[in-house]
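Descriptive analysis of the structure
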Amino acid sequence: MQVKSINTEYPSCPDPRGCPVETTLEVVGGKWKGVILYHLLSETRRFNEFRRLMPDITQRMLTLQLRELEDGGVVHREVYKEVPPKVEYSLTEFGRTLEPIINLMREWGLRYNQEIADKRDMLVKAE
């Protein structure tokens, strides 16, 4: 039995390349990419700045995530020919189009954290 979607506002995707939401998540999804993009909204960053901002990410994972974001066309990597080598990361013009999405994710995260804290407080008071 096939179930028909009753949601007419968001119909199934007829695009043979796949669902646009899935495509977006392929580019920015995962544990660290959104956080990296969030930190790039305000300014250009160097590799070690990311390490300080995100102490739980390994060097290998940070390198991999930055490379994937660069391959996706949303992050630019600038290498300066000096000793020691200097590398800076920034959002591309296309990467800047993610700003409203990243900001909405931040706002949702703040609301979610507050919702969880409120529920936890209610459970503690009920005890």
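Structural data are supplied above this passage.
Reference entry: report on the structure contained in this document. Note that the coordinates shown come from a computational prediction; the quantities given were computed from them, not determined experimentally. (Residues numbered from 1 in each chain as written. Predicted model: local features only at pLDDT ≥ 70, side-chain atom pairs only at ≥ 80, totals over all residues. Heavy atoms only, no water.)

Looking now at the pairing of strand E2 (residues 75-80). Here E2 runs beside strand E3 (residues 86-91); their pairing, made up of 6 bridges, is antiparallel. Considered in E3, the bridge of valine 75 is made with leucine 91. Where E2 folds back onto E3 in an antiparallel hairpin, the turn is made up of 5 residues. (Pairing = 2+ DSSP bridges. Helix = DSSP H or I, 4+ residues; strand = E, 2+ residues; numbered from the N terminus.)

A few words on unusual backbone geometry. Residue proline 84 follows valine 83 across a cis peptide bond; omega there is -5°. By the element assignment, proline 84 lies in the loop between E2 and E3.

What follows deals with the environment of methionine 61. Tracing the sequence through the fold places methionine 61 in helix H4 (residues 59-71). Here methionine 61 falls in the partly exposed class, since its relative accessible area comes to 29%. In the structure, methionine 61 is positioned 29 residues away from tryptophan 32 in sequence and 8.6 Å away in space, judged by C-alpha atoms. (Buried < 20%, exposed > 50% of the residue type's maximum accessible area, 1.4 Å probe, protein only.)

Rolled over the atoms, a probe as big as a water molecule pinpoints where empty space is left. Counted as a void, the largest pocket has a volume near 340 Å³. Only helix H1 (20-28), helix H2 (33-42) and helix H6 (99-126) provide two or more residues apiece to the lining of the largest pocket. When its residues are assigned to classes, the lining of the largest pocket shows 8 nonpolar, 5 polar and 2 charged. Considering only enclosed or pocket space, the second largest pocket measures out at about 170 Å³ in volume. What lines the second largest pocket is simply Thr23, Thr24, Val27, Val28, Gly72, Val74, Phe94, Thr97, Leu98 and Ile101. Within the lining of the second largest pocket, the residues separate by chemical class into 6 nonpolar, 4 polar and no charged. (1 Å grid on protein atoms, 1.4 Å probe; cavity = no way out; pocket = protein on both sides within 12 Å on 5 of 7 lines; lining within 4 Å. Points joined across faces, edges and corners; volume = space filled by probe spheres on them. Nonpolar A, V, L, I, M, F, W, Y, C, P; charged D, E, K, R; others polar.)

For the rest of this paragraph, the subject is the environment of glutamate 22. In this fold, glutamate 22 is placed in helix H1. Sequence-wise, glutamate 22 and arginine 46 are 24 residues apart; in three dimensions their C-alpha atoms are separated by 29 Å.

Before going further, it helps to examine the pairing of E3. Within E3, 5 of the 6 residues are buried, which leaves the element mostly enclosed by the surrounding structure. Bridge count for strand E1 (residues 45-46) against E3 is 2 bridges, and the pairing is antiparallel. Note on E3: the bridge partner recorded for arginine 45 is tyrosine 89.

Once that is clear, we can look at the packing of H1 against H2. In the contact formed by H1 and H2, the axes pass within 8 Å of each other and the chain directions differ by 75°. Put simply, H1 runs roughly perpendicular to H2. Residues Glu26, Val27 and Val28 of H1 form the contact with H2, whose own contacting residues are Lys33, Gly34 and Leu37. Looking at the contact of H1 with H2 residue by residue, the classes come out as 3 nonpolar, 1 polar and 2 charged. (Axes fitted to C-alpha atoms, helices over the stretch in contact; angles between N-to-C directions. Parallel < 35°, antiparallel > 145°, perpendicular 65-115°, else oblique. Contact = heavy atoms within 4.5 Å.)

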